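So you can see what is in the structure, the chains are spelled out below.
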Amino acid sequence: QVQLVESGGGLVQAGGSLRLSCAASGRTLGSYVVGWFRQAPGKEEREFVAAMSYTDRFTYYDDSVKGRFAISRGNAKDTVYLQMNSLKPEDTAIYYCAAAAGGIGVRPYEYDYWGQGTQVTVSS
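Summarised in this report is the structure supplied together with it. As the structure is a prediction and not an experimental result, all values here were calculated from the model.

**Side note on the pairing of strand S5 (residues 47-52)**
When a strand is regular, its side chains alternate between the sheet's two faces.
Okay, so step 1: Here S5 lies mainly inside the structure; five of its six residues are buried.
Okay, so step 2: Pairing of strand S4 (residues 33-39) with S5, which is carried by five bridges, proceeds in the antiparallel orientation. In the sheet register, glycine 35 faces S5, and the bridge partner there is alanine 51.
Okay, so step 3: In terms of strand pairing, S5 meets strand S6 (residues 59-61) through three bridges, oriented antiparallel. By the bridge assignment, methionine 52 is partnered in S6 with threonine 59.

Right under this line is the structure:
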């Protein structure tokens, strides 16, 4: 069993940066695919943001964040980060980290463990 806790959200002006963290307990994330999803206000579904393979060799990004966001994993393999630069008001959402025991995916149902989310608000 893996427990995930996100932190680092907050209020930032457009063009600013935030770094989200996702701390794992129960097990390290070394053997899991890790991903970030977000749920914008008024939307029912979580949308894919970024993911990293368990080997860290492969990363995937939604087109809307490509070149602005970067996913990474800590050396101890128990923390995942999402560096967010050049933030836009449309990035406003609750951000969730997730872990998957299977292959890398972009759908929420492909992930087995979820954190509780952290709010990111970008003002114009």
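Okay, back to it.
**Regarding the side chain of glutamate 6**
Okay, so step 1: In this structure, glutamate 6 sits in strand S1 (residues 3-7).
Okay, so step 2: It is arginine 46 that comes nearest to the buried, bridge-free glutamate 6 among opposite-charge side chains, at 7.0 Å.
Okay, so step 3: A polar atom in the side chain of glutamate 6 sits 2.9 Å from the backbone nitrogen of cysteine 97.
Okay, so step 4: Within polar-contact distance, the side chain of glutamate 6 engages the backbone nitrogen of glutamine 116 at 3.0 Å.
Okay, so step 5: Among all residues touching glutamate 6, those that are not within four sequence positions of it are Ser21, Cys22, Trp36, Tyr95, Tyr96, Cys97, Gly115, Gln116, Gly117 and Thr118.

**Brief notes about the packing of aromatic side chains**
Okay, so step 1: Enumeration according to the criterion identifies six aromatic pairs in this entry.
Okay, so step 2: If you follow arginine 19 out to its NZ or CZ, it ends over the ring of tyrosine 81, 3.8 Å from the centre.
Okay, so step 3: Across the ring face of tyrosine 96, the terminal group of arginine 46 is positioned such that the distance to the ring centre comes to 3.6 Å.

Reading the values: the criteria
Residues numbered from 1 in each chain as written. Predicted model: local features only at pLDDT ≥ 70, side-chain atom pairs only at ≥ 80, totals over all residues. Heavy atoms only, no water. Buried < 20%, exposed > 50% of the residue type's maximum accessible area, 1.4 Å probe, protein only. Helix = DSSP H or I, 4+ residues; strand = E, 2+ residues; numbered from the N terminus. Pairing = 2+ DSSP bridges. Lys, Arg positive; Asp, Glu negative; His and termini not counted. Salt bridge = Lys/Arg side-chain N within 4 Å of Asp/Glu carboxyl O. Polar contact = N/O pair within 3.5 Å; in protein donor to acceptor, adjacent residues only side chain to side chain. Contact = heavy atoms within 4.5 Å. Phe/Tyr/Trp six-rings, centres within 6.5 Å; stacked < 30°, edge-to-face > 60°. Lys NZ or Arg CZ within 6 Å of the ring centre and 35° of its normal.

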